[in-house]
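The primary structure of each chain is shown beneath.
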Amino acid sequence: MVMVFYGSNGKSNPVSMENKVEHQTENQITYDIHLPSDLGMLYKVRLGLQSLENNISQLSLHHFKIQNTSTLDTFSLTINKTLPLSPNGDRWIEFPIQWPLKEALSVVTYHLTVFSRNILNERNLVHMTACIYGTHGDTGDRSLLQSLQNVQQGEKNESFLVMVDAVDLGELEKIVLLISSKTDCKLDIKKLHVQEAAKEHPIYVFEVNEEFSVSANKPKIQREIPRSFVIREEKQKNDIDNNLNKERSKEKHLTEYTIKVYTGDKRGAGTDANVHIILFGNEDKSEVFQLSQSLEHQNPFERGKVDTFKIKTKKLGSLRSIEIGHDGKGFASGWFLEKVEITDAARNSMHCFNCNRSVDQSIIPLYMLFSF
């Protein structure tokens, strides 16, 4: 059995009850625990099972009492619960501490909804926990795949509900996900919603949109997900849904281009300047795109390297020419550009724009216009 104590100035490390027994009778165990003095006024306790294995025995808790041996202030609470909790299989319970003349926080049931693509198929192979943080502390690591509720599974998307009982966290701020597995697997998580079970609002939204790959080389992944936004009322939810639908509709009318930029393999060919590009088609031209996020290299446009970028823009028709240049900033900004290859995903066509010349630093950016 392990306890974590929360005070006005922070929380303690997990305190194992092993080898701390001061006095024991048939139905009562007394522990002598020394906590850091800088925790401040204690306001809650999390109590749980140290092992997370499935074959652990149950632990029945009937009554809890804590006394400050210096001030003799005492708090007691009747629990009458058995760990793991049923039906959600949670191995932790939290309860507030109420001292004389001090108002205690309440215990809240939180609904955590996970929106994903493939977790349900992988849930027997992976262990996943979430720790929810708020202005009043955190929940500790709670298992997300022990006992799922309200499972909804479609062709591409799925969602499931996890219930977490915790002392009121206040305004939610972030969630830390911990994913581990003994076998290779991938989890595609879209977003997380958290709200109090007794209230329809607020709904705290945590956008993830990431595929997590667990393997022998990376058996454990931890990711901190900051709060994206809060839905305070139904009208706001409808506005967000409408905006999402507009974005999806807009997305359908965009064309994706894959841009491969070849930097020459000669001395001084690379550049640290900011490179941008404009695409010209027979129907329209694109906006200006900054080529900064290379799919291969953290520092793009190095000597002899190929950098790949993906952009989405309005339909341009058949690609005719491009304009590419840089702002001349950075040390040794001169750049020898060999060629640019652009693949049009919608038309399944590839265009090659040969250059084989230097784009030198100038007072104003130097552009080149060339066709295939």
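See the structure printed just above.
Residues numbered from 1 in each chain as written. Predicted model: local features only at pLDDT ≥ 70, side-chain atom pairs only at ≥ 80, totals over all residues. Heavy atoms only, no water.

Chemist: Please clarify how the packing of aromatic side chains should be interpreted in this entry.
Modeler: Geometry of an aromatic ring pair is reported as the spacing of the ring centres plus the angle between the planes. This structure, assessed with the given rule, holds four aromatic pairs. Members of the aromatic cluster, each reached through a chain of ring pairs, are Phe301, Phe309 and Trp335. It is Lys44 that lies over the ring of Tyr6; its NZ or CZ is 4.4 Å from the centre. Sitting above the plane of the Phe336 ring, Lys266 keeps its charged end 4.1 Å from the centroid. (Phe/Tyr/Trp six-rings, centres within 6.5 Å; stacked < 30°, edge-to-face > 60°. Lys NZ or Arg CZ within 6 Å of the ring centre and 35° of its normal.)

Chemist: Explain the pairing of strand 10 (residues 107–116) here, please?
Modeler: Both faces of the sheet carry side chains from a regular strand, because those side chains alternate between them. Two elements, strand 10 and strand 15 (residues 158–167), share 10 bridges in a ladder whose sense is antiparallel. When the bridges of strand 15 are listed, His111 appears paired with Met163. Strand direction decides the pairing type here: strand 10 and strand 17 (residues 185–196), joined by seven bridges, are antiparallel. From the neighbouring strand, His111 faces strand 17, where its bridge partner is Gln195. (Pairing = 2+ DSSP bridges. Helix = DSSP H or I, 4+ residues; strand = E, 2+ residues; numbered from the N terminus.)

Chemist: Explanation requested: the side chain of Asp90 in the structure shown.
Modeler: Position of Asp90 relative to the elements: it lies in the loop between strand 8 (74–83) and strand 9 (92–96). A distance of 3.2 Å separates the side chain of Asp90 from the backbone nitrogen of Trp92, its partner in a polar contact. At a separation of 2.5 Å, a polar atom in the side chain of Asp90 contacts the side chain of Arg142. Beyond its immediate sequence surroundings of up to four residues, Asp90 is in contact with Leu83, Pro84, Leu85 and Arg142. (Polar contact = N/O pair within 3.5 Å; in protein donor to acceptor, adjacent residues only side chain to side chain. Contact = heavy atoms within 4.5 Å.)

Chemist: Is there a simple way to explain the pattern of salt bridges in this structure?
Modeler: A side chain with one charge may pair with a side chain of the opposite charge, provided their charged atoms come close. Summed over all chains, the structure comprises 16 salt bridges. Between Glu224 and Lys174 there is a salt bridge; the shortest N-O distance is 3.3 Å. Here Glu224 is found in strand 19 (residues 220–226), whereas its partner Lys174 is found in strand 16 (residues 172–181), with 50 residues between them in sequence. Note that Lys199 and Glu196 form a salt bridge whose closest N and O atoms lie 3.8 Å from each other. Salt bridges sharing common partners tie together Lys11, Lys44, Arg46, Asp90, Glu94, Asp138 and Arg142. (Salt bridge = Lys/Arg side-chain N within 4 Å of Asp/Glu carboxyl O.)

Chemist: Where do I start with the sheet that holds strand 26 (residues 335–344) in this structure?
Modeler: Two strands in a sheet stick together by hydrogen bonds in their backbones, pointing the same way (parallel) or opposite ways (antiparallel). Overall, antiparallel pairing links the four strands, which are arranged 24-21-26-27 in an open sheet. Edge positions in the sheet fall to strand 24 (306–314) and strand 27 (349–359), since each has one partner strand and no second. Direction aside, neighbouring strands of the sheet carry axes that sit 20° apart on average. (Axes fitted to C-alpha atoms, helices over the stretch in contact; angles between N-to-C directions.)

Chemist: Explanation requested: the sheet that holds strand 14 (residues 149–153) in the structure shown.
Modeler: With antiparallel pairing, the six strands of this open sheet are ordered in space as 14-15-10-17-18-20. This sheet does not close on itself; its edge strands, each paired only once, are strand 14 and strand 20 (229–231). Pairwise comparison of adjacent strand axes, ignoring direction, gives a mean angle of 30° for this sheet.

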